[in-house]
Every structure is written in C-alpha cells, then in structure tokens.
Amino acid sequence: MSQFFHLDGVLHAEATPLHHIAEQFGTPTYVYSKAALLANFDAFASACAGRDALVCYAMKANSNLAILNLLARQGAGFDIVSGGELLRVVAAGGDPGKVIFSGVGKSEAEMRLALEHDILCFNVESIPELHRLNAVAGAMGLTARVSLRVNPNVDAKTHPYIATGLKANKFGVAFDDALATYRAAAALPHLEPVGIDCHIGSQLLDDAPLLEALDKLIELIDALAQEGIVLHHLDMGGGIGINYGEAGEDEPVPVGDYLGRVFARIDAWRAASYGGAPIKVIFEPGRAIVGDTGVLLTRVEYLKPGAEKNFCIVDAAMNDLMRPALYQAWMDVRPVALRDTAPALYDVVGPVCESGDWLARERALAVEQGDLLAIMQAGAYGLTMSSNYNTRGRAAEVIVDGDHVHLVRERENPADLFALESLLK
Ligand code: LLP
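Keep in mind it's a predicted model, so treat the numbers as computed, not measured. Counting restarts for each chain: residues are numbered from 1 in the order of the written sequence. Side-chain atom pairs in this predicted model are given and counted only at pLDDT of 80 or more, local residue features only at pLDDT of at least 70, and totals for whole chains, interfaces and linings cover all residues. The side-chain figures draw on all heavy atoms in the structure; neither hydrogens nor water molecules are used.

Let us look at the overall build of the protein. Secondary structure is summarised from DSSP: a helix means a run of H or I of at least four residues, a strand means a run of E of at least two, and numbering begins at the N terminus for each. Along its length, the protein carries twelve helices and 21 strands. Atoms counted for the radius of gyration: C-alpha only. Globule rule: 2.2 Å times the number of residues to the power 0.38. Its C-alpha atoms give the protein a radius of gyration of 23 Å, within 12% of the compact-globule value 22 Å for 425 residues. Working definition: with a 1.4 Å probe on protein chains only, accessible area under 20% of the residue-type maximum means buried, over 50% means exposed, and in between means partly exposed. Residues counted as buried form 52% of the 425 residues belonging to the protein. Note on contacts: a residue pair is in contact if any heavy atoms of the two residues lie within 4.5 Å. Here the analysis covers contacts within the protein between residues at least 6 apart in sequence; of these, 69% occur between residues at least 24 apart. A distance of 3 Å separates the average location of the 34 positive side-chain charges in the protein from that of its 54 negative side-chain charges. A positive count includes Lys and Arg, and a negative count includes Asp and Glu. His and the chain ends are not counted in either. By convention, the charge on Lys lies at NZ, on Arg at CZ, on Asp at CG and on Glu at CD.

Now the structure itself:
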C-alpha cells in the first residue's frame, strides 16, 4: 500500500496533507514516509529471517542520517562507496562491522579510515587496488577482509548509464580473470579473501539476469574451493527496481520472490556440494528500500503557454532531481490539490538556465500558478545526486510519521554555499 495518496482531493503522506508541509517548510522539499521505509526494509528482512544473511543498504540512494538511523535500528548494514559515507554511518549510529565498501577508486585515506573502523569487508575491483589495500593494512599491522567484485558479463537490460555488469563497464574484475585475481589476493599477507560479490545494474525489473549472475558466482566459489580458497559470503549486489508509474511499464519482481529464488538456488547448491553447510548471503539494495518512500514537493511559479509547448515552471529543478536530465528518467507528477478544470499538456521545468532542466514532459495537468506538485518515487537518487548549480541551495528533507513531520535536513542557505570560497589577497 502506498503511503502517498489523495484523500478528499488532497495528496497526503501518511496522515499528513502535503500542503501543510509546504506551508511549514517551504518548497522544494523532499518528503519521506517512515512507514514506507520500514515496510520496504521489512520485505528484505522477513525474506532473510532465520538465515545467515545481511541487508547492506546502498546508502548512495539516500544517505540522510535519519534514514540511516531508522534502518540501522532495524538491523541494516550499509554498502558504502566513500569515506564520507562511512562517516555518515557512524554519525547515524550504524554498525561499521556491518559495512561493506564498494567502488573502483578507493583512496589510501579511505582505506585507512575503513580499517580503523574494522568494517566487514572491502569489495575490491582491481589488482592495483588489492596491492594498495595490502600495503595500507600492512602498515597498520592489520589484515583486511576482501571480496572481489566479479563482473559476470550478463546483460541487466536496463539504461546504459546504470548497467554495470557488462565487459564494457569500468566495474569489477572480468569473470575470466577472477580466479587469477583471487590467487593474487590470497598470496598477499595482509589480505584475507572472505567473499565474492557482483552488482550488475540498477532498476532491474526482472530477476533473471541476477540469477544468471548468481550461477556464475557459484561456479567461481566452487573452483576456488578446489584450490583451497574458501569463501564465507556471497554478495548479490543491489539492483531490484521499483514501479515509477509510467503507462505500460513492467512490474518489478517482488522482493520476497527474488530473495526466495536466490535462497532456493543457494540451498540446492550447498546441499549438493557442501553437505548443506550454509554460506552467508549479502544484498545491497538501494532504490528498492527508499525509491517509493519519498516525493519531491514543489510549487508552480509560472505557467507559460507556447506555440509548440506549454511550460509549467516549478521551483524544483535539475539540480534538485537530476534523474530526468541525466537518464531521461520518467517520473510521475501529481498535483497536491486536485482541480475539476480541464487539464492541459505541460512540460514541467525548473528555473535552471539549461534546456535540459526538465522534470517531466508532456503531462496532462490541471494546474494554476501557485499550486503544489509532487514528483513521485523520488526517494532514491534524489537529494543524494543534487547539486548547487546556479547557486541554488539544496532542498529541505522531512520525514512524515503519521501526522508528525520531522525536519531531517534544513534547506541550504545561499550564504553557506559560498562560505568556503575566498577572494584573492
Ligand atoms: N551496490 C553497488 C555496488 C552499486 O553500485 C549500487 C548502485 C547499488 C548497490 C544499489 O543499486 P540499487 O539497488 O539502488 O539499484 N543514479 C541512478 C542509479 C545508479 C546506481 C548506482 N549503483 C538512478 O538514479 O537511476
């Protein structure tokens, strides 16, 4: 059940009418539903119940401290891609012992920080990274637990910018090089290979490519075991998509079904080849946890009818929500207060000085200047990808819990945006 719905003609988040939030906190504002967040996490947690499994939320999707804290309290681990994200986990009360560190370009300083916090595992993506991590861990007198991110070369069938599991992508160690790379890792004194991982892409609606990738990881784990390199966990990455509400869009696979198929496959394999000995399974979902838990609330500044197009100019822009400009992503737009007047077709655009600054195109909307609109399913890769382009402060963020609204990030103040800058002496 969606936590965002029209009641008496007014869009609500849980029991809170969205116009109350606009009046209190202004616009643009990201509005998240606590109940939706907990329900999404629970879909993973309940499918993992009773198993040696860990859900490491991919916090790049939404790294607000309050969101991280709510998830940490449910037992979530975190998939991080920078030292900054690790500091957020710590600030939010998350457990570094449940953190995995992904990404192709980890710096020495980031490795040191992660080793100081004794994170669960580094997901390593290249041989030079193995050597660097070995050296950093050695200098600290420590051993780093590592997993290799293997590129299984499967087609995730998603937008090219968010497909990551093909040979042409910068990510991971090529499948054919994986055994040799594990041997190299095992030979380094300050590394302990403990796992294997992959991440083939994002916004996947079908789990078939993920299960194909799983089979390839299983093949490698077996081959490594033959050589005496025994892995203790298998990390499926993230990637499960959500419904953005576009006409004709396929439904995403339900989380419970996908996890059920992963566990069934793993159980059959472990029973056949390892006398039933379990292996820990890690998931790194981002969008599936937060995507449908948030909307971007924005106000119509002007309506600008034109010969070819009508523009609905709102106070949110590409700097607040980059997905349409960057991926031509389709995002649903709903008026907060429904009107009985006839709708017209509008491109919903922001105030930024770029033709690429659009949020939605050719939408039938019954709107007037001053109305509020909600850009739906904006909880993932919304604020985290926002920028200060045009010296626009980032939006505020609130979490709704029933009829309570908690401000969890203040709107940025323009003076703060240039506070780190200085004039020539
Ligand atoms: N694990 C790794 C190693 C990743 O690179 C990602 C996302 C995830 C997990 C989480 O994937 P998810 O479950 O959210 O699909 N900005 C794009 C999506 C980029 C995804 C990058 N990696 C968008 O707005 O569609």
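Before going further, it helps to spend a moment on the site of the ligand. In the region of the ligand, 19 residues are neighbours, and Ser202, Glu284, Arg323, Tyr327 and Tyr381 sit closest. Residues adjacent in sequence count toward polar contacts only when both atoms are side-chain atoms; beyond that, a polar contact is any pair of N or O atoms within 3.5 Å, and within protein one must be able to donate a hydrogen and the other to accept it. Within the side chain of Asp79, one N or O atom sits 3.2 Å away from a nitrogen atom of the ligand. One of the backbone nitrogen or oxygen atoms of Gly239 is found 2.8 Å away from an oxygen atom of the ligand. Expressed as a share of its isolated accessible area of 590 Å², the protein-covered part of the ligand is 92%. Throughout this entry, Asp, Glu, Lys and Arg are counted as charged residues, while Ala, Val, Leu, Ile, Met, Phe, Trp, Tyr, Cys and Pro are counted as nonpolar. The remaining residues, Gly among them, count as polar. Residue composition of the shell around the ligand, by class: six nonpolar, seven polar and six charged. Note that the domain bounds were set by an automatic or database domain assignment. Split by domain, the residues of the shell around the ligand number at least three in each of domain 1 (4–31 + 291–417) and domain 2 (103–283). Proximity criterion: a residue is near a molecule or strand once any of its heavy atoms comes within 4 Å of it. The Shrake-Rupley method, run with a 1.4 Å probe sphere, supplies the accessible areas, and residue values consider only the shown protein chains as cover.

Before going further, it helps to spend a moment on helix H2 (residues 34–48). One less than the residue count of a helix, multiplied by 1.5 Å, gives the span that helix is expected to have. With 15 residues, H2 should reach 21 Å at 1.5 Å per residue; the first-to-last C-alpha distance of 21 Å fits that figure. At Asp42, H2 shows its strongest bend, of approximately 25°. Looking at the buried residues of H2, the elements they touch are strand E4 (29–33), strand E5 (53–58), helix H3 (65–73), helix H9 (255–273), strand E13 (280–283) and helix H10 (287–290). Where H2 ends, the next residue or the one after it, Gly50, has phi of about 80°, a positive value. To get the bend at a residue, fit one axis to the 7 residues ending there and another to the 7 starting there, then take the angle between the axes.

By convention a nonpolar core is built from buried Ala, Val, Leu, Ile, Met, Phe, Trp, Tyr and Cys residues, the set being connected through side-chain atoms within 4.5 Å. Residues Tyr57, Phe122 and Leu234 are the most contacted members of the largest nonpolar core, which totals 105 residues. It is helix H8 (residues 208–226) that contributes the most residues to this core, nine residues altogether. Domain assignment of the residues forming this core places at least three in each of domain 1 (4–31 + 291–417) and domain 2 (103–283). If we skip the residues at most four places from it in the chain, Leu234 touches Ile196, Leu214, Leu217, Ile221, Ile266, Trp269, Ile279, Lys280, Val281 and Ile282. In this structure, Ala22, Val31, Leu297 and Leu372 belong to the second largest nonpolar core, which totals 17 residues.

To continue, consider the packing of aromatic side chains. Pairing of aromatic side chains requires ring centres within 6.5 Å, counting the rings of Phe and Tyr and the six-membered ring of Trp. Pairs whose planes differ by under 30 degrees are stacked, by over 60 edge-to-face, and all others tilted. One pass over the full model with this rule turns up six aromatic pairs. Geometrically, the ring pair formed by Tyr30 and Tyr32 is stacked, given 6.2 Å between the ring centres and 15° between the ring planes. Here Tyr30 and Tyr32 have matching classes, each one buried. Their ring planes at 75° and their centres at 6.1 Å tell us that Tyr258 and Phe283 sit as a pair that is edge-to-face. Of the two residues, Tyr258 sits in helix H9 while Phe283 sits in strand E13, which places them 25 residues apart along the sequence. For Phe283, a relative accessible area of 1% corresponds to the buried category. Among the aromatic residues, ring-to-ring pairing joins Tyr258, Phe263 and Phe283 into one connected group. Whether a charge sits over a ring comes down to the Lys NZ or Arg CZ being within 6 Å of the ring centre and within 35 degrees of the ring normal. Geometry around Phe175 places Lys216 over its ring, the cationic atom sitting 4.7 Å from the centre. When the ring centre of Trp269 is taken as origin, the NZ or CZ atom of Arg270, which lies over that ring, is 4.7 Å away.

Below, the discussion takes up the domain arrangement of the protein. By domain assignment, the protein separates into domain 1 (4–31 + 291–417) and domain 2 (103–283). Using only C-alpha atoms to locate each centre, domain 1 and domain 2 end up separated by 36 Å. Two parts placed together each lose some accessible area; with a 1.4 Å probe, that loss summed over both constitutes the buried area. Summed over both sides, the interface between domain 1 and domain 2 buries roughly 830 Å², with carbon and sulfur atoms accounting for 61% of that surface. Summed over the three residues of domain 1 that lose the most area to domain 2, namely Tyr327, Trp330 and Gln377, the buried surface amounts to 60% of that side. At the junction of domain 1 with domain 2, the criterion picks out zero residue pairs in polar contact (both at pLDDT 80 or more). Along the lines of polarity and charge, the residues of the side of domain 1 that touches domain 2 split into five nonpolar, three polar and three charged.

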